[in-house]
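Residue strings, one per chain:
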Amino acid sequence: MTDPTHPAPSHTPVRVRIAPSPTGPLHIGTARTALFNYLFARHHGGTFILRLEDTDGARSSIAYEKDILDGLHWLGMTWDEGPDVAGGADIGTYGPYRQMQRLDRYEEAATRLLDQGDAYPCYCTPEELDAERKAREAAKEQPRYSGRCARLTPDQRADFLAEGRRSAIRFRIPDGPIVVDDIIRGRVEIDGAQLGGDLVIVRADGNPLYHFTVVVDDAAMGITHVIRGEDHLSNTPKHVLLFRALGAAVPHFAHLPLILNPDGSKMSKRKSQTALSDYLAEGFIREGLVNYLGLLGWSTGTDEDVLSLQDLVDQFDLPHVQKGGARFDRERLLWLNGQWIRRLSPDELVDRLRPFLEADRIAGRIARMPSDEEIRALLPLIRERLPMLGAVTETAGFFFADQLELDPAMLVPKRWGPQTTIEGLRAARAAIARGGEVTFEADELEAPLRGLAEERGWKVGDLFMAIRVAITGRTATPPLFDTMVALGFQRTLARLDRAIEVLVASAGA
RNA sequence: GCCCCCAUCGUCUAGAGGCCUAGGACGCCACCCUUUCAAGGUGGAGAUCAGGGGUUCGAAUCCCCUUGGGGGUACCA
């Protein structure tokens, strides 16, 4: 914390925010940015704020707002200020935390900039601007607003008004270097002349624009550290200028590396699964996702890689954030998810599995819904076979089937023919029945069946595989005897009988 | 086009001038365990630290150039 590249937040209480725009479902990148802000806030005992940037009325919706808030909560994050529930009331004293409810503040700030001469009304129409841009393009000049409205006389303004023109408001961007001291990237210097000319901060229809609202809000909410994606780095000089013009303290900036598609471009819906809810629906659990996201672009500097949210809070720091973009690696996420599924308590795992089984029951992928006790009993057989919760039916669905779909070809082990298989299954059935229901236990089943194979000169693997497919319909299953026990004496025998029937029928034909 | 950022195994990364004949993890390949599949264990392949110049007794680490990648450049956020 005394690192020189790490502005000591101990002096001023940390205030950070995540400012999602409810124009789509919670994006995995937004979730990570939120997480890093959250970790930073909690690590330093600061305040984590959620602000909704909903000024794009046409694209914003309460459904997306809900998706975003629910997703962040689901991951385990809580915020100290902002709306706690979608559409709900704000918590915190710097509110409101929805930009649509802060329009008066933007208006006030814009008026101030106008009065100070830092901003001016611009009467150019979109058509004029467009023509200007094209002309510059043709002349191979950089796109940049000419500034034609920057020095209008009162008379000229009156004329435009008389024409019925409405004005946007532009903020003056002076030429000259602007320095951004980024905690992650160091000193970044950009010339104001490269910023595209004076910036529109309020549209002709009166709606304030993003670059303006973020700054007004960050200033008003006392944000001390702006932690966001690298895609905002180039625009930061505009923000710095705005903070200064508004007479506000410029916050510290930390630009995070972007999450990339497998091909290395900025992560997009087109090339990747970006909605957090889609991961949730597949059965990724919060512990796995948080762990993975926390390590995308940041590391502890040690060899540990299975980390809980609390571990991340304890160890998080900005200087260890990577500068280069990070490709999203589903395999690694899957592995971490499996790690965390195995670490869940039995009760917890049953609770998390239940909705997936219910969904598959409704979808008709399993015939009946198992009880909690039944799921719990199966846990030792399936928990290390679940990379994600959604795999439960694939792994254990045969337990809850009324009748297995049996493929005669699959029933016959590679080295065996149909006749041998029928023989083997009949003999196995007899041996199991002979053992009786009382001693129907994994330990008691193995010896007689093994003995049977030896006696008949069969490879145990072949016999066991035939039985396995007969009672599960699959070649890959949990351990055979545990599976039989979980299935129960009667059902095991019934399934063996049916498999024999199926084989006899297909062999006879 | 212009501006900005970045550059260590396929991927995520450790590394802040000598501890590096570059470490860990995922994935991959073997082997062990084993009735299948997993899980677990052990071992292995895998990076001339993008390339080239400097600086230094010494560079993956500092500087410059080149190349490559990414981002930005709206009356979108």
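Everything here concerns the structure above.
Conventions adopted
- Along each chain, the written sequence defines residue order, and numbers are assigned to residues from 1.
- Ligands are numbered from 1 and chains lettered from A, in the order in which they are written.
- Predicted model: local features are reported for residues with pLDDT of at least 70 only, side-chain atom pairs are reported and counted for 80 or more only, and whole-chain, interface and lining totals are derived from all residues.
- Computation of side-chain values: all heavy atoms of the structure, hydrogens and water removed.
- Think of it this way: any DSSP run of H or I at least four residues long counts as a helix, any run of E at least two long counts as a strand, and we number them from the N terminus.
- It is over C-alpha atoms that the radius of gyration is taken, and the globule rule equals 2.2 Å times the number of residues to the power 0.38.
- Residues are treated as being in contact if the distance between any of their heavy atoms lies within 4.5 Å.
- Per-residue accessibility takes into account occlusion by the displayed protein chains alone, with areas from the Shrake-Rupley method and a 1.4 Å probe.
- Positive: Lys, Arg. Negative: Asp, Glu. His and the chain ends are not part of the count.
- Positions of charges follow a simple convention, taking NZ of Lys, CZ of Arg, CG of Asp or CD of Glu.
- Two strands pair under a simple rule: DSSP has to find at least two bridges between them.
- For helices, the fitted axis covers only the stretch in contact; all axes are lines through C-alpha atoms, and the angles between them, taken along N-to-C directions, range from 0 to 180 degrees.
- Any residue with a heavy atom lying within 4 Å of a molecule or strand is counted as near it.
- Each polar contact in these results corresponds to two N or O atoms within 3.5 Å; when the atoms are within protein, one needs to be able to donate a hydrogen and the other to accept it, and residues that are neighboring in sequence are counted only if both atoms are side-chain atoms.
- Only protein atoms enter the 1 Å grid, on which a cavity is a set of points fitting a 1.4 Å probe that cannot get out and a pocket is an open set with protein on both sides within 12 Å along at least 5 of 7 lines, lining residues being those with an atom within 4 Å of a point.
- Grid points are joined across faces, edges and corners, and a volume is the space filled by probe spheres set on the points.
- When residues are sorted by character, Ala, Val, Leu, Ile, Met, Phe, Trp, Tyr, Cys and Pro go into the nonpolar class, Asp, Glu, Lys and Arg into the charged class, and all the rest, Gly among them, into the polar class.

A closer look at the overall build of chain A
No. 1: Along the backbone of chain A there are 20 helices and 13 strands.
No. 2: Relative to the compact-globule value of 23 Å for 509 residues, chain A shows a C-alpha radius of gyration of 32 Å, a clear excess of over 25%.
No. 3: Restricting the contact set of chain A to residue pairs at least 6 apart, pairs at least 24 apart contribute 73%.
No. 4: Approximately 23,700 Å² of chain A is accessible, and the part contributed by carbon and sulfur atoms is 50%.
No. 5: Averaging the positions of the 61 positive and the 73 negative side-chain charges in chain A gives two centres separated by 4 Å.

Here's the deal with the sheet that holds strand β5 (residues 119-122)
No. 1: Taken in spatial order, the 3 strands line up as β5-β6-β9 in an open sheet, and their pairing is antiparallel. The open sheet has two edge strands, β5 and β9 (199-202), and neither has a second partner. When strand polarity is set aside, the average angle formed by the axes of neighbouring strands in this sheet is 45°.
No. 2: Examined bridge by bridge, strand β6 (residues 168-171) and β9 share 3 bridges and lie antiparallel to one another. Looking at the pairing, F171 lines up with L199 of β9.

A few points about the protein's contact with RNA strand B
No. 1: If you check the shell around RNA strand B, you find 66 residues, and the closest are C124, E384, R385, R450 and R468.
No. 2: Here RNA strand B approaches the protein such that, of its atoms within 4 Å, sugar and phosphate make up 72%.
No. 3: Taking E384, its main chain carries an N or O atom lying 2.3 Å from a sugar or linking oxygen of RNA strand B.
No. 4: Breaking the surface near RNA strand B down by element, the ones donating at least two residues are α4 (126-138), β6, β8 (186-191), α6 (210-220), β13 (326-327), α11 (330-343), α18 (460-472) and α19 (480-487).

Here we look at unusual backbone geometry
No. 1: Cis geometry is adopted by the peptide bond preceding P96, which originates at G95 and carries an omega value of -5°.
No. 2: With respect to the helices, strands and loops of the structure, P96 is situated in the loop between β4 (90-91) and α3 (103-116).

Considering the layout of surface pockets
A probe as big as a water molecule, rolled over the atoms, marks out the empty space that is left.
No. 1: Taken as a whole, the largest pocket holds about 1,200 Å³ of empty space.
No. 2: Taken together, 41 residues make up the lining of the largest pocket; nearest its centre are A19, S21, T30, D231 and H232.
No. 3: At the level of secondary structure, the elements contributing two or more residues to the lining of the largest pocket comprise β1 (15-18), α1 (28-43), α6 and β10 (225-229).
No. 4: Looking at which element gives the most residues to the lining of the largest pocket, the answer is α1, with 5 residues.
No. 5: Split into classes, the residues belonging to the lining of the largest pocket amount to 16 nonpolar, 15 polar and 10 charged.
No. 6: For the second largest pocket, the calculated volume is near 330 Å³.
No. 7: Here the element with the most residues in the lining of the second largest pocket is helix α14 (residues 392-396); it accounts for 3 residues.
No. 8: Residue composition of the lining of the second largest pocket, grouped by class: 7 nonpolar, 5 polar and 5 charged.

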